[in-house]
Structures are given as structure tokens and as C-alpha cells.
Amino acid sequence: MTSVAAGRAGRVNEDFTGAVPTAAVLIDGAGIPGSESICRHGVAWYASHLGGSLLSLLSLVRDRSLSELLAEAIERVTDDHRDTCDVANPISPSATVAILRLSDGLIEYLVLGDSVLVLDRADDAPLVVSDPREVIISRSYQPAIEAAAAGGDEYQRLLRDLRANRNRTDGFWVAKDDPRAADEAITGSCPISELAGAALLSNGASRIVDRFQLADWPEVMTVLATSGPAEIIHRVRQAEARHAVAADDATIAHCTDLGEA
């Protein structure tokens, strides 16, 4: 079960989620105003093409690691617009990635960037898989970004400075134009028999825990099981309105019946 909500009405949703019988993918696209002059396709195009390429590879290729498949997907999408767009420019489209795959009695997972993957363990607390590097670096910029006039020159400069930390050893890693970023993803596996379900969340949806602290992860998994992903996103939207926080694209893929694929 999935739920997808754009941050603002009339705005293209830059998240992507999809599934095949043995895998699920969530992509959270990222870009800043002005990137249209760098890439004519845009962030939503990048996110959907990366997600589609990943799903195709996950369906057809069973003997390669998730990192290898992500690297190939990044290479494919980059090649698709290398001749028309400045793919290496710091403000060209990028994305965070979460992948779940069923394989030989295991759930394999990958997280690159600030998306979140939660494994709902039947006899233990949920296992939350996240990559904190972007969040840690972003916090140092956040006060200045919030103080700057949205869309102004200083605001744009700060965003560019922040994004200059992408795909650097001392920075954070996302899917963009360099397939080697896939080697920096957080990966692991867990026996399917230990799990009651799993969820993939974009950072606009994980706000319910990590920004607004409206619930902990066990409660989130309970709400997903009883009321579905739309309820989580509804609560996030209410919190954004109460705190006058700009709404972000929010996407959740909730995976159940994992042993039946």
C-alpha cells in the first residue's frame, strides 16, 4: 500500500515509488529553483526515470547486489540526459533512494541519502535504517536558510553551498551523476521470518518522527497497519500547518505479506 502527496497543490510531485513482486523502491528527488537552465528535464523526470530503471533491473537481475544495481541505474539515467544537460553541475537534479528486495529468505535493503526504511520486527522494536550524513550537514545551514528571504539571492547561495557537499568524502551522498555514490549507501539484510512488514518513507513523511515528534517508530508501524499510509501523511500535514512549516512532498510505501512473494 502506498500514499503519495505533493508538497503544494499544482506542483509536480518529485517523489517516486513503485514495486515489482520481489522488490520496492522509493526515490525522493531534489533540486533548487534555477536548475531548469542546467537540466531541461527536471527533478521529477530524474526521480521517475531512476526509479523505473531500478525496478527494471530488480525484476531482471537477481545475482547482483543492490549497490551494483543502483550504480547501473544512476549510470543509465545520467547517460539519458548527458548530451542535453549539464549533469555534473552542483545544482543538477539528484535523489535519495530506499530499496527493499526479497531474496532467498532474506529482506535486503539499501538507503542512500535521507529517506528512511523501517523493518517491522515481529518480536523486537522496529529496525530503522537511515543515513544521517545529509541531516547533520544540513543542520549547520538551517538557521541561515530560514533567516534568508525564500527565493532570494542569499537563499539560493546557501542552497548551492549546501549542495556542494554532495558526493564528497566529508559530505553526504545521493544519486546524481556519479554511479560511485552507490558504494556509499547503507545496506544490510534481515530474515523475512522475523518481520511483520516494512515501510519506505521519503523525508517529507518521516517528519512525523524526526521533526515533529508526533510518534515513535513502533507507533508509526501500528498506524500503517491499522489506518494506512494516508493517515501518517495527514498527521504530517496538520503539523506543518500548526508550525507554519513549508510542506514537502511526502511518500510512503508500506509492504506486508513479505513471505508471499
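Quantities reported herein were computed from a predicted structural model and do not represent experimental measurements. (Residues numbered from 1 in each chain as written. Predicted model: local features only at pLDDT ≥ 70, side-chain atom pairs only at ≥ 80, totals over all residues. Heavy atoms only, no water.)

The subject of this paragraph is the side chain of T96. In this structure, T96 sits in strand 4 (residues 94-103). Residue classification places T96 among the buried residues on the basis of a relative accessible area of 4%. A polar atom in the side chain of T96 sits 2.7 Å from the side chain of S115. Sequence-distant contacts of T96, that is, excluding residues within four places in its chain, are made with L26, I27, D28, L112, G113, D114, S115, E134 and V174. (Helix = DSSP H or I, 4+ residues; strand = E, 2+ residues; numbered from the N terminus. Buried < 20%, exposed > 50% of the residue type's maximum accessible area, 1.4 Å probe, protein only. Polar contact = N/O pair within 3.5 Å; in protein donor to acceptor, adjacent residues only side chain to side chain. Contact = heavy atoms within 4.5 Å.)

Each pair of packed helices can be described by the angle between their axes along with the distance between the axes. Two elements in contact, helix 6 (residues 217-226) and helix 7 (residues 229-242), have axes separated by 7 Å at closest approach and are oriented at 125 degrees. The angle between helix 6 and helix 7 falls in the class oblique. The residues of helix 7 that touch helix 6, namely those facing E219, V220, V223 and L224, are P229, E231, I232 and R235. Considered class by class, the residues forming the contact of helix 6 with helix 7 number five nonpolar, no polar and three charged. (Axes fitted to C-alpha atoms, helices over the stretch in contact; angles between N-to-C directions. Parallel < 35°, antiparallel > 145°, perpendicular 65-115°, else oblique. Nonpolar A, V, L, I, M, F, W, Y, C, P; charged D, E, K, R; others polar.)

A separate point is the sheet that holds strand 2 (residues 15-20). Strands sit in the order 2-3-4-5-8 across an open sheet of five strands; the sheet is antiparallel. The open sheet has two edge strands with one neighbour each: strand 2 and strand 8 (186-191). When the angles between neighbouring strand axes are averaged without regard to direction, this sheet yields 10 degrees. Sheet topology places strand 5 (residues 106-112) next to strand 8; six bridges connect them, and they run antiparallel. Note that in strand 8 the partner of I107 across the bridge is C190. Its contacts with the sheet place helix 2 (residues 66-81) against strand 4, strand 5 and strand 8, and it is angled at close to 45 degrees to strand 5. (Pairing = 2+ DSSP bridges.)

Their axes nearest at 10 Å, the elements helix 3 (residues 133-147) and helix 4 (residues 153-163) cross at an angle of 175 degrees. In terms of orientation, helix 3 lies roughly antiparallel with respect to helix 4. Each of I137, S138, Y141, A144 and I145 in helix 3 lies in contact with helix 4, whose residues at this interface are Y155, L158, L159, D161 and L162. Residues belonging to the contact of helix 3 with helix 4 are distributed by class as follows: eight nonpolar, one polar and one charged.

Let us look at the pattern of salt bridges. With the rule as written, the count across this model stands at 16 salt bridges. K176 is paired through a salt bridge with D177; the nearest N and O atoms lie 3.1 Å apart. (Salt bridge = Lys/Arg side-chain N within 4 Å of Asp/Glu carboxyl O.)

Take it as geometry only, folks, not as evidence of what the structure does.
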